[in-house]
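Structural description and commentary
These are the residues of each chain, in order.
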Amino acid sequence: MRDWYPERKPYATHRLKVSSLHELHIEECGNPKGEAVIWLHGGPGSGLYRNHGRQFDPEFYRIILFDQRGSGQSTPYADVRENTTRDLIADIEKIREYFGISRWLVAGRSWGATLALLYAQAHPERVTALFLAAIFLCDTQSIRWLFQDGASRIYSQAWEEYVALVPPEKRGDIMKAYGDMLLGENQEIALKAARAWSIWEGHTCSVLPDPGFVADFAADNAVLSLARLEHHYLSRGGFVEEGHILKNAHKIAHIPVKIVHGRYDMNCTYDNAWKLHQALPKSELITIPLGGHATNDPATVDAQIRAADALKAMAG
């Protein structure tokens, strides 16, 4: 089994103003003269975590990571204004231009994989290859699975705790009910709802119970941005047309793609990865037989690192 590359140690950090409101936190790690890869984190709203980017060999890759609008150390925190998928795609281009990079490997996990696909479809000439894990196609079925009817049938106890904040007569539309709390004027209720939202999602990530992983999702510095931004995006279908990614797969059919997905991912179900693989002739689907959504499962770590290493030959 392969394990993570060493803990990332940025050799440079940057602040990039991308609008009159938003400023991004950016990190550069690895080899300053290496092949460029940009890492797109999940959520939306989760920000960077300690293991992000560690799939990539720091001696070979120049690893660029950033907190998306409203997330992590980017400012303003948890702000949904001027915050759409189109804005995020534009931000990735601004980062590429800021560093003077002609083409790069684009990588992401979960929502980060969604964003990587949308960016590649908008700018295929800038992408050497795609590294994608835990595929989320941002379609109505996938969103309902996680936040209305689907995963609720697998993690019943956690779901009961999640919906406890919602009056029974409002449970026919959990997304709306949580939106009313998350974006309402009562900040105490908003924070309580954000924590419940984040903990629910944390429960869906691991095949086996993992209190440490759930605790990461419940951290005070992350819950508000994760819950608010996820609701902001997912209640609007990710600001993309239904089925957009698969309908536009032909635009990136020539790009080499590595897809890593756990068979028992209850957050982003396996059919997302299978449909994408079928639509992309130059993709390889790497299935983790007992894998879930979480990144810290040893088999998942191993598969991601081997996939990232295999992309070295396609760099440039």
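My aim in this report is to walk through the structure given alongside it, one point at a time. None of these values were measured; they are calculated from a predicted model.

**Re the packing of aromatic side chains**
The final tally for this structure, using the stated rule, is 15 aromatic pairs. Ring geometry for Phe56 against Tyr61: centres 5.4 Å apart, planes inclined by 80°, an arrangement best described as edge-to-face. Summarising the burial analysis for this pair, Phe56 and Tyr61 share the class buried. Summarising the aromatic geometry, the rings of Trp159 and Tyr162 are spaced 5.3 Å apart at their centres and angled 55° between planes, so their arrangement reads as tilted. With Trp159 and Tyr162 both in helix α4 (residues 156–163) and 3 residues apart, this pair spans about one turn of that helix. Taken together, the ring pairs connect Phe147, Trp159, Tyr162, Tyr178, Trp197 and Trp200 into an aromatic cluster. Against the face of Tyr270 rests Arg263, its NZ or CZ located 4.3 Å from the ring centre.

**Quick word on the nonpolar core**
Counting residues in hydrophobic clusters, the biggest one holds 73 residues, and the most contacted among them are Ile95, Trp104, Leu130 and Tyr178. In terms of residue count, helix α2 (residues 111–122) provides more of this core than any other element does, 8 residues in total. Apart from residues no more than four positions distant in its own chain, Leu130 is found in contact with Val106, Ala116, Leu117, Ala120, Ile252, Ile255, Pro256, Val257, Lys258 and Leu311. Counting residues in hydrophobic clusters, the runner-up holds 19 residues, among them Cys29, Leu48, Phe56 and Ala107.

**Re the sheet that holds strand β1 (residues 12–17)**
Spatially, the 8 strands line up as an open sheet ordered β1-β2-β4-β3-β5-β6-β7-β8, and their pairing is mixed. For this open sheet the edge positions go to β1 and β8 (283–288), each flanked by a neighbour on one side alone. The mean inter-strand angle of the sheet, taken between neighbouring strand axes irrespective of direction, is 20°. Sheet analysis places strand β7 (residues 257–262) next to β8, joined by 6 bridges and oriented parallel. In the sheet register, Gly262 faces β8, and the bridge partner there is Ile288. The strands touched by α2 are β3 (35–40), β5 (104–109) and β6 (127–133); relative to β6, the strand with the most contacts, the crossing angle is about 155°. Lying over the sheet, helix α10 (residues 270–279) contacts β6, β7 and β8, oriented at roughly 160° with respect to β8.

Criteria and cut-off values
Throughout, residues of each chain are indexed from 1 in the direction in which the sequence is written. Residue-level local features of this predicted model are given only where pLDDT is at least 70; pairs of side-chain atoms are given and counted only at 80 or more, and the full residue set underlies all totals for whole chains, interfaces and linings. Side-chain measures were taken over the full set of non-hydrogen atoms in the model, leaving aside hydrogen atoms and water. Centres within 6.5 Å make a pair out of two Phe, Tyr or Trp rings, where for Trp the six-membered ring is used; the pair is then stacked when the planes are under 30 degrees apart, edge-to-face when over 60, and tilted otherwise. Using a 1.4 Å probe on the protein chains alone, a residue whose accessible area is under 20% of its type maximum counts as buried, one over 50% counts as exposed, and one in between counts as partly exposed. Numbering of helices and strands runs from the N terminus, with a helix taken as a DSSP run of H or I at least four residues long and a strand as a DSSP run of E at least two residues long. Lysine NZ or arginine CZ positioned within 6 Å of the ring centre and within 35 degrees of the ring normal marks a charge as sitting over the ring. Here the nonpolar core consists of buried residues drawn from Ala, Val, Leu, Ile, Met, Phe, Trp, Tyr and Cys, with membership extended through side-chain atoms lying within 4.5 Å. Whether two residues touch is decided by their heavy atoms; if any such pair falls within 4.5 Å, the residues are in contact. Two strands form a pair only when DSSP identifies at least two bridges running between them. Interaxial angles span 0 to 180 degrees and are taken between N-to-C directions of axes, which are lines fitted to C-alpha atoms, for helices over the stretch in contact.

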